[in-house]
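Letter by letter, the chains look like this.
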Amino acid sequence: MSEITMVQAVNDGLRSIMKEDESVLVMGEDVGPKGGVFLATENLNAEFGEDRCFDTPLSEDGIIGVGIGMAMNGMKPVCEIQFQDFIFPAFDQIVSEAAKMRYRSGGQYTVPMTIRTPYGGGIRGGLYHSQSGEAYFAHTPGLKVVIPSTPYDAKGLLIASINDPDPVLFMEPKALYRAFRQEVPEGVYEVELSKTREVTPGGDVAVFCYGAMVPVCTEAAKRIKESRNKDVRVVDLRTLMPLDEESVLQAARDCGRVVIVHEAPRFCGYGAELSALIAEHAIETIEAPIKRVAGFDTPFPNTLENYYLPDARRVLDAIEEVLDF
């Protein structure tokens, strides 16, 4: 076991499962000899050869379309979309073909394909390299959406995604790629999909988050403990679709006050679905309005990234608001 960063954990996860399962291959733009723009596939081309880690043309719909065909014929392709912002030319292939294949074929075919893509802000990438489009895809039946927040989870969730019989969109928060290190086991292990992770225990407020917002919310929870001696339960969703609804509702009922945090725009963002779920099934235990802390309803800014992204101060303000209601 060694301490590694999230991007190293992704690389190690790919290497580990490729060693164990010859049906796993990696394809995408610059994933070969270059090792990807973030080096997530570094050295895989040299270790496994051109047949199992290779560059593709600059054609996202082509990457996903070929991946679907491979997956339906016994392979487990891991398709990288270089930035999540570039995924939209492949939107039809993902939502109309990959996600529908099991249903339209009556279970005769599945698409065991994983689509890896870095998403979100944190690197000053501007409007074309910083978007958070998880809500588009969580809306699609037949498609799983997974977002890790730690190196340990990144490796375990990625391997679980690759082994899953259905298509998985694996969204990697690029802001966390090299933010910190964590001990990660060697070899193959899985972190179960559709299970939340309790980051900090607490019974005063439940804060739901994922990806790069997990450390932001953890810092806010620490501050509210120091200033008001209140215990915040920070819950990392990890899998957005299918959601661990039981755990979400239990945390909401236990705490009675809820804050939801994501960096995507607020309107029709993933937090709206969480709010509706809690309002429909746990309203009798909720003691304050559900608060959402999110990105603003504008394109991602080029120079005002720090103002756009939710920070610990904004989350702290929301926590104090529900406590004082």
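Before going into details, it helps to say that this report is about the structure given with it. Worth saying up front: this structure is predicted, and the values here are computed from it rather than measured.

## Topic: the packing of helix 8 (residues 213-228) against helix 12 (residues 312-324)
The packing of two helices is summarised by the inter-axis angle and the distance between the axes. With their axes 8 Å apart at the nearest point, helix 8 and helix 12 run at an angle of 50° to one another. When the axes of helix 8 and helix 12 are compared, the pair comes out oblique. In the packing of helix 8 onto helix 12, the handedness of the crossing is right-handed. When helix 8 is examined against helix 12, the residues Val 216, Cys 217, Glu 219, Ala 220, Arg 223, Ile 224 and Arg 228 are found in contact with a partner set consisting of Ala 312, Arg 313, Val 315, Leu 316, Ile 319, Glu 320, Leu 323 and Asp 324. Class assignment for the residues of the contact of helix 8 with helix 12 results in 9 nonpolar, no polar and 6 charged.

## Quick word on the environment of Gln 82
By the secondary structure assignment, Gln 82 is in the loop between strand 4 (76-80) and helix 4 (91-98). A relative accessible area of 11% places Gln 82 in the buried class. When the C-alpha atoms of Gln 82 and Glu 29 are compared, they prove to be 6.5 Å apart, with 53 residues separating the residues in sequence. Other than its neighbours up to four places away in sequence, Gln 82 contacts Glu 29, Asp 30, Val 37, Phe 38 and Pro 118. A polar side-chain atom of Gln 82 sits 3.3 Å from the main-chain carbonyl oxygen of Glu 29. At 3.3 Å, the side chain of Gln 82 forms a polar contact with the side chain of Asp 30.

## Structural notes on the pattern of salt bridges
Summed over all chains, the structure comprises 21 salt bridges. For Glu 172, the salt bridge identified is with Arg 116, shortest N-O distance 2.6 Å. Linking Glu 172 in strand 7 (residues 168-173) with Arg 116 in strand 5 (residues 114-119), this pair joins segments that are 56 residues apart in sequence. Arg 116 sits in the buried class, given a relative accessible area of 1%. Among the salt bridges present, the one from Lys 291 reaches Glu 321, with a minimum N-O distance of 3.0 Å. Here Glu 321 lies in helix 12 and Lys 291 lies in strand 14 (residues 291-295), a separation of 30 residues in the sequence. Lys 291 sits in the partly exposed class, given a relative accessible area of 25%. Members of the salt-bridge network, linked through shared partners, are Arg 102, Lys 144, Asp 164 and Asp 166.

Conventions adopted
- Residues numbered from 1 in each chain as written.
- Predicted model: local features only at pLDDT ≥ 70, side-chain atom pairs only at ≥ 80, totals over all residues.
- Heavy atoms only, no water.
- Axes fitted to C-alpha atoms, helices over the stretch in contact; angles between N-to-C directions.
- Helix = DSSP H or I, 4+ residues; strand = E, 2+ residues; numbered from the N terminus.
- Parallel < 35°, antiparallel > 145°, perpendicular 65-115°, else oblique.
- Left-handed = near helix turned anticlockwise from the far one by under 90°.
- Contact = heavy atoms within 4.5 Å.
- Nonpolar A, V, L, I, M, F, W, Y, C, P; charged D, E, K, R; others polar.
- Buried < 20%, exposed > 50% of the residue type's maximum accessible area, 1.4 Å probe, protein only.
- Polar contact = N/O pair within 3.5 Å; in protein donor to acceptor, adjacent residues only side chain to side chain.
- Salt bridge = Lys/Arg side-chain N within 4 Å of Asp/Glu carboxyl O.

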